[in-house]
Amino acid sequence: MTSRRNLLSGFALTTGFGLAAVALPRRAGAQTVPGSAGQTMWGGRFAEKPGAIMQEINVSIDVDRRFWKQDLAASRVHAAMLARQKIIAGDDAAKIDAGLKTIEGEMQGGSFPFRREYEDIHLNVEARLGELIGPASGRLHTARSRNDQVATDFKLWVRDALDAMQLKVRDLQLALVTRADEHVDTLMPGFTHMQPAQPVTLGHHLMAYVEMFGRDVSRMADARARMNECPLGSAALAGTSFPIDRAWTAEALGFARATANSLDGVADRDFALEALSCATLCAGHLSRLAEEMVIWTNPQFGFIGFSDSYSTGSSIMPQKRNPDAAELVRAKVGPISGDFLTLNTVMKGLPLAYNKDMQEDKPPVFNAFDNLDLAVRAMTGMVLDFKADKARMAVVAGSGFATATDLADWLVQRLNIPFREAHHITGAAVKLAETRGVDLPQLTLKQLQGLHPGITSDVYRVLTAQASAASRNSYGGTAPAQVRLQVRRWQGLLAAAS
């Protein structure tokens, strides 16, 4: 592990979220080795250059330039392994490493000459390396193919993206836990079928999303562990005759092991699909919370409000305060789930091993994680920003016969009535209240005793929203004591994960 740290010292693998694709000059023509009179890097058996349309459809540098860090890291490790195994000379490996470090500096400084005639990030790096160090650059591609090279680079990028996304989702969870701690006893209506059901607390409601996002983090970690096998060394599809050390390469790049089948090593994109699946589920949870925020900010609900930082106005209606940030987060599930479908459709009918169709694997993954990154950060901001109208929420929490179940439970617990009979009596009480235009607590004791003579004045203790919420003290329930328990549990879990 010391050799790995020395080799990659100062060379952090990062996702590159937010790296905009810079428009590159469109140049037709084949990939050429510098100083070789137009000879293509792969063109030994070809007499002519590709046509302009072929060149255009074949070029991927506008997209795959995004994992230049991963490509340079894998190339440096590969060159070190080749020298370690005495497949290439140590002097050549040193030149290659120095050249790749120079390229790293050019990439970081924005001066690297990306060229579309070198169709992808791999050939762009190799061509530039040739310009910097000359013939020794040709040793780098020994015992590997672009097939295992791209599989490794892409897997490194997805692995990094999952690592970064777990941190951002944990930040969102921490924001939710913080707000839940503030609102452990803030009453609000709970809904089923979007109809008033039972009183709950805002803290309990927010903690439900902490659980959802916790599963998202768990799925991402699980996917990350499953994908952590190194394809490098699979070569084009069949492995290589060179005496490479795949275990060393895998360890140096932080993988748990090398892939066990060279065909699968270059053909597998399950890791990308699984990452997209995780992103889709997480986006769905974001969308559900965003939808509730849109509803809650509607003046007819009036549960919460956003500051100017997370609201917009109307170009024609001066009174409007629109929850556009929440609406835009809600919309992100569309393109993200579409990205999963896109890649799944690309992969569904491909024979082994590598096929050029797989060049279309990266755009949906990059797009999905860009969208998810923005949505998670926006939601974290909204969670920390909103202000709850406690008085309004408490009034609504006790309306709509929300304590009907509490009446039924009281009949069972105090009068030993079977629940189904208690349910029937409570239904009759709701109907009576409806006909009189009142809520359950406004029914007189005489009216309630007309439904069952055993009812006493003690029943009114359970017909308030506050009493209802407090009584739900089963594990995981909405009682403030239970909410506090879950808040403390998650505070500990998130602190341990940080």
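Cut-offs and rules
- Residues numbered from 1 in each chain as written.
- Predicted model: local features only at pLDDT ≥ 70, side-chain atom pairs only at ≥ 80, totals over all residues.
- Heavy atoms only, no water.
- Pairing = 2+ DSSP bridges.
- Helix = DSSP H or I, 4+ residues; strand = E, 2+ residues; numbered from the N terminus.
- Core = buried A, V, L, I, M, F, W, Y, C linked by side-chain atoms within 4.5 Å.
- Buried < 20%, exposed > 50% of the residue type's maximum accessible area, 1.4 Å probe, protein only.
- Contact = heavy atoms within 4.5 Å.
- Polar contact = N/O pair within 3.5 Å; in protein donor to acceptor, adjacent residues only side chain to side chain.
- pLDDT = per-residue confidence, 0-100.
- Expected span 1.5 Å × (residues − 1).
- Arc of directions from axis to C-beta.
- Disulfide = S-S within 2.5 Å.
- Patch = residues over 30% accessible without salt bridge, like charges linked within 9 Å, V, L, I, M, F, W, Y side chains within 5 Å.
- Areas by Shrake-Rupley, 256 points an atom, 1.4 Å probe, with all protein chains shown as cover.
- Salt bridge = Lys/Arg side-chain N within 4 Å of Asp/Glu carboxyl O.

Turning our eyes to something else, we now look at the pairing of strand β1 (residues 187-192). Two strands pair when backbone bridges link them, and β1 and strand β2 (residues 195-201) are joined in this way by five bridges, in the antiparallel orientation. Bridge pairing links Met-188 to Val-200 in β2. Between β1 and β2, which follow one another and run antiparallel, lie two residues, and His-193 among them has a positive phi close to 55 degrees.

The subject of this paragraph is the nonpolar core. Counting residues in hydrophobic clusters, the biggest one holds 107 residues, and the most contacted among them are Met-293, Leu-372 and Met-379. Broken down by element, the residue count for this core peaks at 16 residues, all from helix α11 (residues 270-297). Each residue touching Met-379, except ones within four places of it in the same chain, is listed here: Leu-172, Leu-286, Leu-289, Ala-290, Met-293 and Val-329. With 19 residues, the next largest nonpolar core counts Ala-429, Val-430, Leu-440 and Leu-463 among its residues.

A few words now on the environment of Gly-454. Relative to the assigned elements, Gly-454 resides in the loop between α18 (445-451) and α19 (465-471). Here Gly-454 falls in the partly exposed class, since its relative accessible area comes to 25%. Gly-454 sits 43 residues away from Leu-411 along the chain, and the two C-alpha atoms are 8.8 Å apart. Non-local contacts of Gly-454, meaning those with residues more than four positions away in its chain, are made with Trp-410 and Leu-415.

Okay, the side chain of Asn-228 next. Mapped onto the elements of the fold, Asn-228 is located in the loop between α8 (202-226) and β3 (229-230). Polar contacts involving the side chain of Asn-228 include one to the main-chain carbonyl oxygen of Gly-254, which spans 3.5 Å.

Attention now moves to the confidence of the model for the protein chain. Across the protein chain, the average pLDDT comes to 91, with 91% of residues at or above 70. Between residues 1-39, whose pLDDT stays under 50, and residues either more than four places distant or in other chains, the model counts 93 contacts.

Let us look at helix α13 (residues 333-347). An α-helical segment advances 3.6 residues per turn. Residues three or four places apart therefore align on the same side. Given a rise of 1.5 Å per residue, 15 residues ought to cover 21 Å, and the 21 Å separating the end C-alpha atoms of α13 matches this to within 8%. Regarding α13, the residues found buried are Ile-336, Asp-339, Leu-343, Val-346 and Met-347. For α13, the angular spread of buried residues about the axis comes to 95 degrees, placing them on one side.

Now for the state of the cysteines. Scanning the entire structure with this criterion turns up zero disulfides. The structure places no disulfide on Cys-278, whose sulfur is separated from the nearest cysteine sulfur, that of Cys-282, by 9.0 Å. Residue classification places Cys-282 among the buried positions, given a relative accessible area of 0%.

Moving on: a nonpolar patch on the surface. Where nonpolar side chains cluster on the molecular surface, the patch consists of Leu-237, Leu-263 and Leu-352 and spans about 270 Å² of accessible area. On the secondary structure map, Leu-263 appears in helix α10 (residues 262-267).

Bringing the pattern of salt bridges into the picture now. Scanning the model with the defined rule gives 32 salt bridges in all. Arg-179 serves as the salt-bridge partner of Glu-182, at 2.9 Å between the closest nitrogen and oxygen. Of this pair, Glu-182 and Arg-179 both sit in helix α7 (residues 146-182), three residues apart, roughly one helical turn. Judged by its relative accessible area of 7%, Arg-179 is buried. Here the residues in one salt-bridge network are Arg-76, Asp-97, Lys-101 and Glu-104, joined through shared partners.

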